[in-house]
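If you want the building blocks of each chain, they are given just below.
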Amino acid sequence: MPGPRRFLRTIAEDIEAARRSDPAARSRLEILLAYPGLHAVWWHRLAHRLWRVPALRLPARLVSQHARATTGIEIHPGATIGRRLFIDHGMGVVIGETAVVGDDVVLFHGTTLGGRSMSTGKRHPTVGDHVVIGAGAKVLGPVKIGDGAQVGANAVVVHDVPAGTVAVGVPARVRPARAHVAGQPLQDPALEYVI
């Protein structure tokens, strides 16, 4: 039965992504039981599946509200979430209805992927693969965050962020990312604000 096997493989993949992303993770069992970011993503997957059936949109909203009440993370059931999303700590994370989040993304607490208007249609961000968005960052409107980009803590992003760059400040300004060797100090002090 491919359905249950795929479901279990996805759960295991999410747990492994959390273990890789969080140096404080002590065991897979701890992650399974005590990581609200994972729980919110799992609830979202159910809510999103319901959302795709127009007659089930109210139950989808109820599932997402239950997830919000139990995790402190609000993900609209219409949002599209990729594989291995890791939400660290999570409290206060908001992901809007038309947001698209790629694979292997890390969001820290207080992140908002929100809109800037009350219009219909695409009004929330599109986040590429391997993106890190720091604590308290606000990414607003139908902007694009390119693959491998980083958004600094408390940054307010209202324009596109090219792949492989770093956006910091209010309003956010884009800087090229500087590579650093593991164990060495960061070359660019702006990178310290990413998490």
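Parameters and conventions
Residues numbered from 1 in each chain as written. Predicted model: local features only at pLDDT ≥ 70, side-chain atom pairs only at ≥ 80, totals over all residues. Heavy atoms only, no water. Helix = DSSP H or I, 4+ residues; strand = E, 2+ residues; numbered from the N terminus. Buried < 20%, exposed > 50% of the residue type's maximum accessible area, 1.4 Å probe, protein only. Contact = heavy atoms within 4.5 Å. Areas by Shrake-Rupley, 256 points an atom, 1.4 Å probe, with all protein chains shown as cover. Pairing = 2+ DSSP bridges. 1 Å grid on protein atoms, 1.4 Å probe; cavity = no way out; pocket = protein on both sides within 12 Å on 5 of 7 lines; lining within 4 Å. Points joined across faces, edges and corners; volume = space filled by probe spheres on them. Nonpolar A, V, L, I, M, F, W, Y, C, P; charged D, E, K, R; others polar. Axes fitted to C-alpha atoms, helices over the stretch in contact; angles between N-to-C directions. Parallel < 35°, antiparallel > 145°, perpendicular 65-115°, else oblique.

## Notes on the overall build of the chain
In step 1: In terms of helices and strands, the chain carries 4 helices and 15 strands.
In step 2: Burial statistics for the chain: of 195 residues in total, 45% are counted as buried.
In step 3: Of all intrachain contacts in the chain linking residues separated by at least 6 positions in sequence, the fraction that spans at least 24 positions is 32%.
In step 4: Of the roughly 10,400 Å² of accessible surface on the chain, 60% is carried by carbon and sulfur atoms.

## Let's talk about the sheet that holds strand β4 (residues 94–95)
In step 1: On the basis of which strands lie adjacent, the open sheet formed by 5 strands has the order β1-β4-β7-β10-β13 and parallel pairing. With one partner strand each, in any of the chains shown, β1 (74–75) and β13 (156–157) form the two edges of the open sheet.
In step 2: Two elements, β4 and strand β7 (residues 112–114), share 2 bridges in a ladder whose sense is parallel. Its bridge partner lying in β7, Val94 is registered against Thr112.

## Observations concerning the layout of surface pockets
In step 1: Volume-wise, the largest pocket comes out at about 700 Å³.
In step 2: Taken together, 21 residues line the largest pocket, and the ones lying closest to its centre are Arg6, Thr10, Arg45, Arg49 and Arg52.
In step 3: Of all the secondary structure elements, the ones that give two or more residues to the lining of the largest pocket are α1 (2–21), α3 (36–51) and β2 (80–81).
In step 4: Here the lining of the largest pocket gets 8 residues from one element, more than from any other, and that element is α1.
In step 5: Each residue belonging to the lining of the largest pocket can be placed in one class, and the counts come to 6 nonpolar, 6 polar and 9 charged.

## Examining the pairing of strand β14 (residues 165–168)
In step 1: Burial along β14 is two-sided: the residues Thr165 and Ala167 and Val166 and Val168 are all buried.
In step 2: The antiparallel pairing of β14 with strand β15 (residues 173–176) creates a hairpin that spans 4 residues between the two strands, and Gly169 there sits at a positive phi of about 100°.

## With respect to the packing of α3 against helix α4 (residues 57–71)
In step 1: For the pair α3 and α4, the least separation of the axes is 8 Å and the interaxial angle reads 175°. The orientation of α3 relative to α4 falls into the category roughly antiparallel. Of α4, the residues touching α3 (which contributes Pro36, His39, Ala40, Trp43, Leu46, Ala47, Leu50 and Trp51) are Arg57, Pro59, Ala60, Arg61, Val63, Ser64, His66, Ala67, Thr70 and Thr71.
In step 2: Of the residues contributing to the contact of α3 with α4, the split by class is 11 nonpolar, 5 polar and 2 charged.

## Points about empty space enclosed by the protein
In step 1: Inspection of every chain in the model, using the stated rule, returns 1 cavity of 30 Å³ or more.
In step 2: Estimated volume of the largest cavity: approximately 40 Å³.
In step 3: Lining the largest cavity, in full, are Ala40, Trp43, His44, Ala47, Ser64, Ala67, Ile73 and Ile75.
In step 4: When contributions to the lining of the largest cavity are tallied by element, the ones reaching two or more residues are α3 and α4.

## Focus on the sheet that holds β15
In step 1: Strand order across the open sheet formed by 6 strands is β3-β6-β9-β12-β14-β15, with mixed pairing between neighbours. Looking at strand neighbours, the two that pair on one side only are β3 (86–88) and β15, the edges of this open sheet.
In step 2: Bridging between strand β12 (residues 150–151) and β14 involves 2 bridges; their strand directions are parallel. Residue Val151 lies in a different strand from β14, and its bridge partner there is Ala167.

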